[in-house]
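Letter by letter, the chains look like this.
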Amino acid sequence: MGSKSNRSRRYSEEFKRDAVALVRSSGKTVTEVAREIGVSAEGLRNWVKQDMIDHGQGAPGELTSAEREELRRLRRQNREQAETIEVLRKAAVFVAKESDR
């Protein structure tokens with residue numbers, strides 16, 4: 001367990017772009033290119049698919065990378081605001097109890 005091949009790796013956006021370009025220009029299959037550059041075929045396939053979506057060639061309703069990032073940002077912001085509201089609610093309850101004394 002814990003072998004290097006089983007661990008998730010992070011690749012730079014530049015590496016991903018170059019890998020997708022290699023798939024498109026080489027005439028080789030995704031699996032062949034993945035094997036040559038040392039990434040999983042499924043990962044490379046996902047990068048190629050996301051690149052197609054980002055260039056307007058995806059199915060209706062699929063999110064571009066920019067839309068996915070905005071969704072992540074908005075969810076994070078929503079979570080932070082919910083936490084702030086909870087703190088303020090608790091503070092209001094505390095202040096109300098203190099003022100009743």
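Look up: the structure comes first, before these words.
The model shown is predicted, which means the values in this text are computed figures rather than measured ones.

Caption draft 1: Geometry of the side chain of Gln50. Note that Gln50 resides in helix H3 (residues 41-54). Owing to a relative accessible area of 16%, Gln50 belongs among the buried residues under this scheme. When neighbours within four sequence positions are excluded, Gln50 is seen to be in contact with Leu63, Thr64, Ser65 and Arg68.

Caption draft 2: Spatial organisation of the environment of Glu69. Within the secondary structure layout, Glu69 lies in helix H4 (residues 65-100). Distance from Glu69 to Asp18, taken between C-alpha atoms, is 21 Å for residues 51 residues apart in sequence.

Caption draft 3: Representation of helix H2 (residues 30-37) within the structure. Inspection of H2 places Val30, Val33 and Ala34 among the buried residues, and these make up the whole buried set. Projected down its long axis, H2 carries its buried residues within an arc of 100°, all on one side. Those residues of H2 that are buried lie in contact with helix H1 (13-26) and H3.

Caption draft 4: Quick peek at the environment of Asp54. With respect to the element layout, Asp54 can be found in helix H3. On the accessibility criterion, Asp54 (35% relative accessible area) is partly exposed.

Caption draft 5: Broad picture of the nonpolar core. With 10 residues, the main nonpolar core is built from Ala19, Val20, Val23, Val30, Val33, Ala34, Val39, Leu44, Trp47 and Val48. Those residues in contact with Val20, other than ones at most four positions away along the chain, are Leu44, Trp47, Val48 and Asp51.

Caption draft 6: A look at the packing of aromatic side chains. One pass over the structure, following the stated rule, counts three aromatic pairs. Where Tyr11 meets Phe15, the ring centres are 5.0 Å apart and the plane angle is 20°; that geometry is what we call stacked. Tyr11 gets classed as partly exposed once you look at its relative accessible area, which sits at 24%. Centroid distance Tyr11 to Trp47: 5.4 Å. Interplanar angle 75°. Geometry classified as edge-to-face. A residue pair is termed long-range when its members are at least 10 positions apart, and Tyr11 in the segment before H1 and Trp47 in helix H3 qualify at 36 residues. Judged by its relative accessible area of 16%, Trp47 is buried. Within the aromatic cluster, the residues linked to one another by ring pairs are Tyr11, Phe15 and Trp47.

Caption draft 7: The pattern of salt bridges, seen in detail. In total, this model carries seven salt bridges according to the counting rule given. Taking the shortest distance from any N to any O, the salt bridge between Arg24 and Asp51 comes out at 2.4 Å. Of this pair, Arg24 sits in helix H1 while Asp51 sits in helix H3, placing them 27 residues apart in sequence. Residue classification places Arg24 among the partly exposed residues on the basis of a relative accessible area of 45%. Salt-bridge contacts for Lys49 lead to Glu62; the nearest nitrogen and oxygen are separated by 3.5 Å. One end of the pair, Lys49, is in helix H3; the other, Glu62, is in the loop between H3 and H4, and 13 residues separate them in sequence.

The rules behind the values
Residues numbered from 1 in each chain as written. Predicted model: local features only at pLDDT ≥ 70, side-chain atom pairs only at ≥ 80, totals over all residues. Heavy atoms only, no water. Helix = DSSP H or I, 4+ residues; strand = E, 2+ residues; numbered from the N terminus. Buried < 20%, exposed > 50% of the residue type's maximum accessible area, 1.4 Å probe, protein only. Contact = heavy atoms within 4.5 Å. Arc of directions from axis to C-beta. Core = buried A, V, L, I, M, F, W, Y, C linked by side-chain atoms within 4.5 Å. Phe/Tyr/Trp six-rings, centres within 6.5 Å; stacked < 30°, edge-to-face > 60°. Salt bridge = Lys/Arg side-chain N within 4 Å of Asp/Glu carboxyl O.

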